Amino acid sequence: MYNIFRTSHKKLEELNGFDQGAWVELVAPTLEECTSVSEQYNIDMPDLRAALDDEESSRISLEDNYTLILVDIPSAEIRNNRNTYTTIPLGIIIHPEAVITVCAEDTSILRQFTEHRVRDFSTKKQMRFLYQILYNTCMLYQSLLRSVDRKRTEIEERINEDTEDVDLIDLHELESNLVYFATSLRANGVVIDRLTRYGRLKMYEEDQELLDDVMIENRQAIEMTSIYRDIINGTRELLSTVINNRLNNAMKYLAAITIVMSIPTIISGLWGMNVFVPLAAVEHGFLIIVVVTLVSCIAALYILHKRKML
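What counts, and at which threshold
Residues numbered from 1 in each chain as written. Predicted model: local features only at pLDDT ≥ 70, side-chain atom pairs only at ≥ 80, totals over all residues. Heavy atoms only, no water. Helix = DSSP H or I, 4+ residues; strand = E, 2+ residues; numbered from the N terminus. Buried < 20%, exposed > 50% of the residue type's maximum accessible area, 1.4 Å probe, protein only. Contact = heavy atoms within 4.5 Å. Areas by Shrake-Rupley, 256 points an atom, 1.4 Å probe, with all protein chains shown as cover. Lys, Arg positive; Asp, Glu negative; His and termini not counted. Charge placed at Lys NZ, Arg CZ, Asp CG, Glu CD. Salt bridge = Lys/Arg side-chain N within 4 Å of Asp/Glu carboxyl O. Axes fitted to C-alpha atoms, helices over the stretch in contact; angles between N-to-C directions. Parallel < 35°, antiparallel > 145°, perpendicular 65-115°, else oblique. Left-handed = near helix turned anticlockwise from the far one by under 90°. Nonpolar A, V, L, I, M, F, W, Y, C, P; charged D, E, K, R; others polar.

Draft legend 1. Molecular detail of the overall build of the chain. Along its length, the chain carries seven helices and seven strands. Starting at the N terminus and walking to the C terminus, you meet the elements of the chain as β-β-β-α-α-β-β-β-β-α-α-α-α-α. Once the C-alpha set of the chain is aligned to its principal axes, its extents read approximately 115 × 40 × 30 Å. In the chain, which comprises 310 residues, the share counted as buried stands at 43%. Across the chain, the fraction of contacts at a sequence separation of at least 24, relative to all contacts at a separation of at least 6, is 64%. Total accessible area on the chain is roughly 17400 Å²; 53% of this is exposed by carbon and sulfur atoms. Once the 31 positive and 46 negative side-chain charges of the chain are each reduced to a mean point, those two points are 6 Å apart.

Draft legend 2. Here's a closer look at the pattern of salt bridges. This model, assessed by the stated rule, comprises nine salt bridges. For Arg117, the salt bridge goes to Glu115, with nearest N and O atoms at 2.8 Å. In this structure, Asp207 engages Arg128 in a salt bridge whose closest nitrogen and oxygen atoms are separated by 2.7 Å. Separated by 79 residues along the polypeptide, Asp207 in helix 6 (residues 207-271) and Arg128 in helix 4 (residues 126-157) bring together distant segments of the chain. Of the two residues, Asp207 and Arg128, neither departs from the other in class, the shared state being buried. Three or more residues joined by partner-sharing salt bridges are found here, namely Arg6, Glu13 and Asp19.

Draft legend 3. Quick look at the packing of helix 6 against helix 7 (residues 285-306). At their nearest, the axes of helix 6 and helix 7 sit 9 Å apart, and the two run at 160 degrees to each other. Here helix 7 runs roughly antiparallel to helix 6, going by the angle between their axes. Between helix 6 and helix 7 the crossing geometry is right-handed. Where helix 6 abuts helix 7, its residues Ala256, Ile259, Val260, Ile263, Pro264, Ile267 and Trp271 lie against Ile289, Thr293, Ser296, Cys297, Ala300, Leu301 and Leu304. Here the residues of the contact of helix 6 with helix 7 are counted per class, giving twelve nonpolar, two polar and no charged.

Set out below in C-alpha coordinates:
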(Lines give C-alpha, C1' and ligand atoms only; values in the text may rest on other atoms or scores of the structure.)
Protein backbone atom coordinates (compact mmCIF):
# COMPACT_ATOMS: atom_id res chain seq x y z
CA MET A 1 0.00 0.00 0.00
CA TYR A 2 1.05 3.61 -0.24
CA ASN A 3 0.01 6.81 1.48
CA ILE A 4 0.68 10.40 0.45
CA PHE A 5 1.30 13.09 3.06
CA ARG A 6 2.18 16.76 3.05
CA THR A 7 2.81 19.25 5.80
CA SER A 8 0.86 22.48 5.76
CA HIS A 9 1.17 25.08 8.51
CA LYS A 10 3.19 22.60 10.59
CA LYS A 11 0.42 20.01 10.35
CA LEU A 12 0.66 16.72 8.49
CA GLU A 13 -2.28 15.97 6.25
CA GLU A 14 -3.01 12.99 4.06
CA LEU A 15 -3.61 13.61 0.37
CA ASN A 16 -5.70 11.72 -2.12
CA GLY A 17 -3.26 12.17 -4.99
CA PHE A 18 0.31 13.09 -5.88
CA ASP A 19 1.32 16.68 -5.25
CA GLN A 20 4.37 18.95 -5.08
CA GLY A 21 6.35 18.74 -1.81
CA ALA A 22 4.62 15.53 -0.70
CA TRP A 23 5.87 12.45 1.08
CA VAL A 24 4.92 9.17 -0.60
CA GLU A 25 5.13 6.27 1.86
CA LEU A 26 5.25 2.82 0.26
CA VAL A 27 4.82 -0.11 2.66
CA ALA A 28 5.14 -3.58 1.09
CA PRO A 29 3.79 -2.11 -2.17
CA THR A 30 2.33 -4.20 -4.96
CA LEU A 31 3.76 -4.12 -8.46
CA GLU A 32 0.85 -1.96 -9.62
CA GLU A 33 1.46 0.59 -6.88
CA CYS A 34 5.16 0.72 -7.70
CA THR A 35 4.34 1.18 -11.36
CA SER A 36 2.04 4.08 -10.54
CA VAL A 37 4.69 5.89 -8.47
CA SER A 38 7.41 5.07 -11.00
CA GLU A 39 5.47 6.61 -13.86
CA GLN A 40 4.45 9.64 -11.83
CA TYR A 41 8.01 10.59 -10.84
CA ASN A 42 9.95 8.91 -13.68
CA ILE A 43 11.85 6.59 -11.33
CA ASP A 44 13.43 3.36 -12.52
CA MET A 45 11.50 0.37 -11.24
CA PRO A 46 14.61 -1.48 -9.92
CA ASP A 47 15.53 1.57 -7.83
CA LEU A 48 11.99 1.92 -6.52
CA ARG A 49 11.80 -1.74 -5.50
CA ALA A 50 15.40 -2.05 -4.29
CA ALA A 51 14.38 -1.76 -0.63
CA LEU A 52 12.08 -4.77 -0.98
CA ASP A 53 15.09 -7.04 -1.43
CA ASP A 54 16.43 -8.18 1.94
CA GLU A 55 19.89 -8.69 0.47
CA GLU A 56 20.29 -5.07 -0.68
CA SER A 57 23.12 -3.27 1.10
CA SER A 58 23.20 0.34 2.24
CA ARG A 59 24.27 2.71 -0.53
CA ILE A 60 23.64 5.99 -2.31
CA SER A 61 22.81 6.13 -5.99
CA LEU A 62 22.73 9.45 -7.85
CA GLU A 63 20.48 9.39 -10.90
CA ASP A 64 19.58 12.11 -13.39
CA ASN A 65 16.48 13.41 -11.62
CA TYR A 66 16.51 11.75 -8.21
CA THR A 67 18.78 10.34 -5.50
CA LEU A 68 18.31 6.88 -3.96
CA ILE A 69 19.49 6.32 -0.38
CA LEU A 70 19.32 2.81 1.06
CA VAL A 71 19.90 2.22 4.78
CA ASP A 72 19.34 -0.74 7.07
CA ILE A 73 16.81 -0.43 9.89
CA PRO A 74 16.02 -2.83 12.76
CA SER A 75 13.13 -5.26 12.41
CA ALA A 76 11.62 -7.79 14.80
CA GLU A 77 11.29 -11.43 13.80
CA ILE A 78 10.76 -14.91 15.25
CA ARG A 79 13.89 -17.04 15.08
CA ASN A 80 14.17 -20.46 16.77
CA ASN A 81 10.88 -19.77 18.55
CA ARG A 82 12.34 -16.63 20.11
CA ASN A 83 11.63 -12.94 19.65
CA THR A 84 14.75 -11.60 18.00
CA TYR A 85 15.86 -8.77 15.72
CA THR A 86 17.32 -8.48 12.27
CA THR A 87 17.74 -5.62 9.79
CA ILE A 88 15.90 -4.79 6.58
CA PRO A 89 16.48 -2.12 3.94
CA LEU A 90 14.67 1.20 3.94
CA GLY A 91 14.71 3.09 0.66
CA ILE A 92 14.54 6.90 0.61
CA ILE A 93 14.25 8.59 -2.76
CA ILE A 94 14.85 12.32 -2.90
CA HIS A 95 12.99 13.70 -5.92
CA PRO A 96 12.55 17.40 -6.75
CA GLU A 97 8.80 16.99 -6.35
CA ALA A 98 8.56 14.57 -3.42
CA VAL A 99 10.27 12.33 -0.89
CA ILE A 100 9.48 8.66 -1.43
CA THR A 101 10.11 6.02 1.24
CA VAL A 102 9.94 2.31 0.49
CA CYS A 103 10.01 -0.49 3.05
CA ALA A 104 8.89 -4.12 3.16
CA GLU A 105 7.04 -3.57 6.43
CA ASP A 106 5.51 -0.88 8.57
CA THR A 107 8.21 0.53 10.82
CA SER A 108 8.10 2.62 13.96
CA ILE A 109 10.74 4.91 12.47
CA LEU A 110 8.26 6.32 9.95
CA ARG A 111 5.27 6.02 12.29
CA GLN A 112 6.84 8.70 14.47
CA PHE A 113 6.26 11.14 11.61
CA THR A 114 2.67 10.10 10.90
CA GLU A 115 1.88 10.17 14.62
CA HIS A 116 3.24 13.73 14.95
CA ARG A 117 6.08 12.84 17.32
CA VAL A 118 8.89 14.57 15.41
CA ARG A 119 9.51 18.28 15.95
CA ASP A 120 10.15 20.67 13.07
CA PHE A 121 9.05 18.09 10.53
CA SER A 122 8.25 19.29 7.03
CA THR A 123 7.84 17.19 3.90
CA LYS A 124 9.09 20.15 1.86
CA LYS A 125 12.45 20.30 3.62
CA GLN A 126 13.69 17.11 2.06
CA MET A 127 17.21 16.87 3.49
CA ARG A 128 16.02 17.66 6.99
CA PHE A 129 13.38 14.95 6.57
CA LEU A 130 16.11 12.53 5.47
CA TYR A 131 18.31 13.39 8.46
CA GLN A 132 15.37 13.01 10.82
CA ILE A 133 14.72 9.52 9.44
CA LEU A 134 18.37 8.61 9.93
CA TYR A 135 18.39 10.09 13.43
CA ASN A 136 15.29 8.08 14.41
CA THR A 137 16.96 4.99 12.97
CA CYS A 138 20.04 5.50 15.17
CA MET A 139 17.89 6.04 18.26
CA LEU A 140 15.89 2.87 17.54
CA TYR A 141 19.14 0.92 17.25
CA GLN A 142 20.28 2.25 20.62
CA SER A 143 16.94 1.42 22.23
CA LEU A 144 17.06 -2.17 20.96
CA LEU A 145 20.68 -2.50 22.02
CA ARG A 146 19.72 -1.58 25.57
CA SER A 147 16.91 -4.16 25.37
CA VAL A 148 19.42 -6.81 24.29
CA ASP A 149 21.67 -5.90 27.23
CA ARG A 150 18.74 -6.15 29.65
CA LYS A 151 18.00 -9.68 28.42
CA ARG A 152 21.67 -10.56 28.87
CA THR A 153 21.53 -9.21 32.42
CA GLU A 154 18.49 -11.39 33.19
CA ILE A 155 20.38 -14.47 32.01
CA GLU A 156 23.42 -13.46 34.06
CA GLU A 157 21.30 -13.07 37.20
CA ARG A 158 20.09 -16.67 36.84
CA ILE A 159 23.59 -18.13 36.76
CA ASN A 160 23.58 -18.94 40.48
CA GLU A 161 20.04 -20.29 40.41
CA ASP A 162 18.66 -22.43 37.59
CA THR A 163 21.11 -21.99 34.75
CA GLU A 164 20.27 -24.28 31.85
CA ASP A 165 21.61 -25.03 28.40
CA VAL A 166 18.76 -22.96 26.96
CA ASP A 167 20.45 -19.86 28.37
CA LEU A 168 23.41 -20.53 26.10
CA ILE A 169 21.05 -20.63 23.13
CA ASP A 170 19.46 -17.36 24.24
CA LEU A 171 22.89 -15.74 24.47
CA HIS A 172 23.69 -17.00 21.00
CA GLU A 173 20.52 -15.37 19.66
CA LEU A 174 21.39 -12.10 21.39
CA GLU A 175 24.84 -12.20 19.86
CA SER A 176 23.29 -12.86 16.44
CA ASN A 177 21.22 -9.71 16.89
CA LEU A 178 24.37 -7.73 17.58
CA VAL A 179 26.09 -9.17 14.52
CA TYR A 180 23.24 -7.95 12.31
CA PHE A 181 23.24 -4.57 14.03
CA ALA A 182 27.00 -4.12 13.78
CA THR A 183 27.07 -4.92 10.06
CA SER A 184 24.16 -2.62 9.28
CA LEU A 185 25.41 0.26 11.43
CA ARG A 186 28.80 0.23 9.75
CA ALA A 187 27.15 0.26 6.32
CA ASN A 188 24.85 3.09 7.41
CA GLY A 189 27.89 4.97 8.66
CA VAL A 190 29.39 4.87 5.18
CA VAL A 191 26.17 6.28 3.72
CA ILE A 192 26.02 9.05 6.31
CA ASP A 193 29.65 9.92 5.65
CA ARG A 194 28.95 10.20 1.91
CA LEU A 195 25.97 12.45 2.56
CA THR A 196 28.32 15.03 4.04
CA ARG A 197 30.30 15.16 0.78
CA TYR A 198 27.52 15.28 -1.79
CA GLY A 199 27.04 18.89 -2.83
CA ARG A 200 24.17 17.94 -5.09
CA LEU A 201 21.94 17.32 -2.08
CA LYS A 202 20.84 20.74 -0.89
CA MET A 203 20.30 21.37 2.78
CA TYR A 204 19.69 24.30 5.08
CA GLU A 205 22.46 25.59 7.28
CA GLU A 206 20.57 24.67 10.43
CA ASP A 207 20.38 21.06 9.18
CA GLN A 208 24.14 20.66 9.52
CA GLU A 209 23.78 20.33 13.28
CA LEU A 210 21.18 17.60 12.79
CA LEU A 211 23.53 15.78 10.43
CA ASP A 212 26.30 16.01 13.02
CA ASP A 213 23.92 14.51 15.59
CA VAL A 214 23.16 11.66 13.20
CA MET A 215 26.86 10.91 12.78
CA ILE A 216 27.45 11.01 16.55
CA GLU A 217 24.48 8.78 17.37
CA ASN A 218 25.44 6.27 14.68
CA ARG A 219 29.00 6.05 16.02
CA GLN A 220 27.64 5.67 19.54
CA ALA A 221 25.38 2.82 18.38
CA ILE A 222 28.41 1.11 16.78
CA GLU A 223 30.40 1.46 20.02
CA MET A 224 27.47 0.12 22.07
CA THR A 225 27.21 -2.87 19.75
CA SER A 226 30.92 -3.63 20.14
CA ILE A 227 30.79 -3.28 23.93
CA TYR A 228 27.68 -5.46 24.30
CA ARG A 229 29.18 -8.15 22.04
CA ASP A 230 32.26 -8.30 24.27
CA ILE A 231 30.09 -8.48 27.39
CA ILE A 232 27.95 -11.25 25.90
CA ASN A 233 31.09 -13.19 25.01
CA GLY A 234 32.21 -12.91 28.62
CA THR A 235 28.79 -13.92 29.91
CA ARG A 236 28.66 -16.93 27.60
CA GLU A 237 32.12 -18.07 28.74
CA LEU A 238 31.08 -17.64 32.37
CA LEU A 239 27.87 -19.58 31.76
CA SER A 240 29.75 -22.38 30.01
CA THR A 241 32.24 -22.52 32.88
CA VAL A 242 29.45 -22.71 35.48
CA ILE A 243 27.65 -25.49 33.58
CA ASN A 244 30.90 -27.44 33.14
CA ASN A 245 31.75 -26.94 36.81
CA ARG A 246 28.37 -28.26 37.88
CA LEU A 247 28.83 -31.26 35.61
CA ASN A 248 32.27 -31.89 37.10
CA ASN A 249 30.83 -31.69 40.60
CA ALA A 250 28.11 -34.16 39.70
CA MET A 251 30.64 -36.56 38.18
CA LYS A 252 32.87 -36.18 41.24
CA TYR A 253 29.93 -36.92 43.53
CA LEU A 254 28.97 -40.00 41.52
CA ALA A 255 32.58 -41.19 41.54
CA ALA A 256 32.72 -40.81 45.33
CA ILE A 257 29.47 -42.78 45.76
CA THR A 258 30.84 -45.48 43.47
CA ILE A 259 33.98 -45.77 45.59
CA VAL A 260 31.95 -46.12 48.80
CA MET A 261 29.55 -48.67 47.27
CA SER A 262 32.43 -50.74 45.94
CA ILE A 263 33.64 -51.52 49.48
CA PRO A 264 30.71 -53.78 50.51
CA THR A 265 30.71 -55.26 47.01
CA ILE A 266 34.35 -56.30 47.29
CA ILE A 267 33.97 -57.67 50.81
CA SER A 268 30.81 -59.61 50.03
CA GLY A 269 32.45 -60.97 46.90
CA LEU A 270 35.47 -62.24 48.82
CA TRP A 271 33.45 -63.83 51.63
CA GLY A 272 30.97 -65.30 49.18
CA MET A 273 33.49 -67.56 47.40
CA ASN A 274 33.25 -71.33 47.88
CA VAL A 275 36.67 -71.56 49.54
CA PHE A 276 37.91 -71.25 53.09
CA VAL A 277 37.69 -67.67 54.32
CA PRO A 278 38.48 -66.14 57.72
CA LEU A 279 35.72 -66.06 60.37
CA ALA A 280 33.87 -68.87 58.62
CA ALA A 281 33.79 -70.89 61.84
CA VAL A 282 33.22 -67.97 64.19
CA GLU A 283 29.76 -67.83 65.70
CA HIS A 284 29.27 -64.10 65.06
CA GLY A 285 31.40 -63.96 61.92
CA PHE A 286 28.67 -62.51 59.73
CA LEU A 287 27.99 -59.71 62.23
CA ILE A 288 31.72 -58.96 62.43
CA ILE A 289 31.95 -58.73 58.65
CA VAL A 290 28.94 -56.38 58.52
CA VAL A 291 30.46 -54.14 61.19
CA VAL A 292 33.84 -54.08 59.41
CA THR A 293 32.12 -53.25 56.14
CA LEU A 294 30.11 -50.44 57.76
CA VAL A 295 33.20 -48.99 59.44
CA SER A 296 35.12 -49.14 56.15
CA CYS A 297 32.32 -47.29 54.35
CA ILE A 298 32.20 -44.62 57.05
CA ALA A 299 35.98 -44.23 56.90
CA ALA A 300 35.84 -43.90 53.11
CA LEU A 301 33.09 -41.27 53.39
CA TYR A 302 35.18 -39.32 55.91
CA ILE A 303 38.27 -39.40 53.69
CA LEU A 304 36.31 -38.34 50.61
CA HIS A 305 34.67 -35.53 52.59
CA LYS A 306 38.04 -34.27 53.79
CA ARG A 307 39.24 -34.26 50.18
CA LYS A 308 36.09 -32.28 49.24
CA MET A 309 34.78 -34.96 46.91
CA LEU A 310 31.39 -34.95 48.61
